[in-house]
Amino acid sequence: MEPQRYGHEHAISRSPAVGELLATHRVLRNTYLLLAATLLFSAVMAGVSMAIGMPYLGPWVTLGGYFALLFLVHKTRNSSAGVISVFALTGFMGLTLGPILSFYLTAVPDGGRLVLTALGTTGLAFVALSGYALASGKDFGFLRGFVLVGLVALLGVILASLFLDLSAYSAAISGAIILLMGALILFQTGQIVHGGETNYILATVTLYVSIYNIFLSLLQLMGMGGND
């Protein structure tokens, strides 16, 4: 009977770790399911925006809407309303993306190819970064400082661009955004894997915004050959 008692006690001692592992898998699964749904919804809203010929809303409306909806997501993150908030945010971002895509498709030489190339490259980058973070099992917590400083710097650049002409630095800015968002994907995925992020709504928004910004930055870099 002794081996049986030992096995039972051993199973009990391992149960907290098993529970944590199941919780991590649940957050990861819910994050990717919601991310896939929001990306699809955002694409649909971008298509609607293009179909009705919606004009560019301008930086103030775009940024104001984005930060207001982001605030709403954070306020409702622990309730079922949080899912609705995520769709509201990503749908709005899809709407604002429509006029940009319309511009590339109509005014930039070979714009359709540029859009598809940027989209495919973004997808491959996300799969590669997420796959590496999941397969390696590394803790990318060391990127926290870099990501925080980078996001603050990015916000500063965005605010400065409202008053200053930064077009001469657009290539450098786009490249820096791609690197920053790549680091953010690694960091966020690592946080989920190691239990540092337990809210799949916030994780989804972080990954969505990273993908969105990588796509726009790649589109900007690729479109420079067409002087857009």
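The coordinates are above.
Small disclaimer: the values here were computed from a predicted structure and weren't measured.

About the thresholds
Residues numbered from 1 in each chain as written. Predicted model: local features only at pLDDT ≥ 70, side-chain atom pairs only at ≥ 80, totals over all residues. Heavy atoms only, no water. Salt bridge = Lys/Arg side-chain N within 4 Å of Asp/Glu carboxyl O. Buried < 20%, exposed > 50% of the residue type's maximum accessible area, 1.4 Å probe, protein only. Core = buried A, V, L, I, M, F, W, Y, C linked by side-chain atoms within 4.5 Å. Helix = DSSP H or I, 4+ residues; strand = E, 2+ residues; numbered from the N terminus. Contact = heavy atoms within 4.5 Å. Polar contact = N/O pair within 3.5 Å; in protein donor to acceptor, adjacent residues only side chain to side chain. Phe/Tyr/Trp six-rings, centres within 6.5 Å; stacked < 30°, edge-to-face > 60°. Expected span 1.5 Å × (residues − 1).

1. As for the pattern of salt bridges
Part 1 of the reasoning: The tally for this structure, following the rule as stated, stands at 1 salt bridge.
Part 2 of the reasoning: Among the ionic pairs, Arg113 bridges to Asp110, the shortest N-O distance being 2.4 Å.
Part 3 of the reasoning: Using a relative accessible area of 47% as the deciding quantity, one classes Arg113 as partly exposed.

2. Notes on the nonpolar core
Part 1 of the reasoning: Ranked by size, the top nonpolar core spans 44 residues in total, and within it Leu89 and Leu219 carry the most contacts.
Part 2 of the reasoning: Sorting the residues of this core by element identifies α1 (2-51), α2 (59-75), α3 (81-107), α4 (111-136), α5 (144-161), α6 (170-193) and α7 (200-223) as the ones contributing at least two each.
Part 3 of the reasoning: Considering each element in turn, this core owes the most residues, 12 residues, to α7.
Part 4 of the reasoning: Excluding anything up to four places from it in sequence, Leu89 contacts Tyr66, Leu69, Leu70, Val73 and Val205.

3. Re the side chain of Asn199
Part 1 of the reasoning: Inspection of the secondary structure puts Asn199 in the loop between α6 and α7.
Part 2 of the reasoning: Here Asn199 falls in the buried class, since its relative accessible area comes to 12%.
Part 3 of the reasoning: Polar side-chain contacts of Asn199 include one of 3.1 Å to the backbone oxygen of Arg77.
Part 4 of the reasoning: Polar contacts involving the side chain of Asn199 include one to the main-chain amide nitrogen of Leu202, which spans 3.1 Å.
Part 5 of the reasoning: If near-sequence neighbours (up to four positions away) are discounted, Asn199 is found in contact with Arg77 and Asn78.

4. As for the packing of aromatic side chains
Each pair of aromatic rings is reported with the distance of its centres and the angle of its planes.
Part 1 of the reasoning: Considering all chains together, one arrives at 8 aromatic pairs under this definition.
Part 2 of the reasoning: Ring geometry for Phe41 against Phe87: centres 5.6 Å apart, planes inclined by 75 degrees, an arrangement best described as edge-to-face. Here Phe41, found in helix α1, pairs with Phe87, found in helix α3; they are 46 residues apart in sequence, far enough to count as distant.
Part 3 of the reasoning: Geometrically, the ring pair formed by Tyr66 and Phe67 is edge-to-face, given 5.0 Å between the ring centres and 70 degrees between the ring planes.
Part 4 of the reasoning: Since its relative accessible area comes to 18%, Tyr66 is described here as buried.
Part 5 of the reasoning: Through successive ring pairs, a cluster of aromatic residues spans Tyr132, Phe140 and Phe142.

5. Brief notes about the environment of Gly94
Part 1 of the reasoning: Note on placement: Gly94 falls in helix α3.
Part 2 of the reasoning: Separated by 51 residues in the primary sequence, Gly94 and Ala43 place their C-alpha atoms 6.0 Å from one another.
Part 3 of the reasoning: For Gly94, the residues in contact, after removing those within four places along its chain, are Ser42, Met45, Ala46 and Tyr208.

6. Some details on α4
Residue pairs three or four apart in sequence face the same way in an α-helix, which turns once every 3.6 residues.
Part 1 of the reasoning: Its 26 residues give α4 an end-to-end C-alpha distance of 37 Å, which sits within 8% of 38 Å, the value for a rise of 1.5 Å per residue.
Part 2 of the reasoning: Inspection of α4 places Gly111, Leu114, Val115, Ala118, Thr122, Phe126, Ser130 and Ala133 among the buried residues, and these make up the whole buried set.
Part 3 of the reasoning: In the stretch just after α4, Gly137 is the one whose phi turns positive, near 70 degrees.

7. Re unusual backbone geometry
Part 1 of the reasoning: At Asp110, a position not held by glycine, the phi torsion is positive, near 60 degrees.
Part 2 of the reasoning: Locating Asp110 in the fold gives a position in the loop between α3 and α4.
Part 3 of the reasoning: You can call Asp110 partly exposed: its relative accessible area is 46%.

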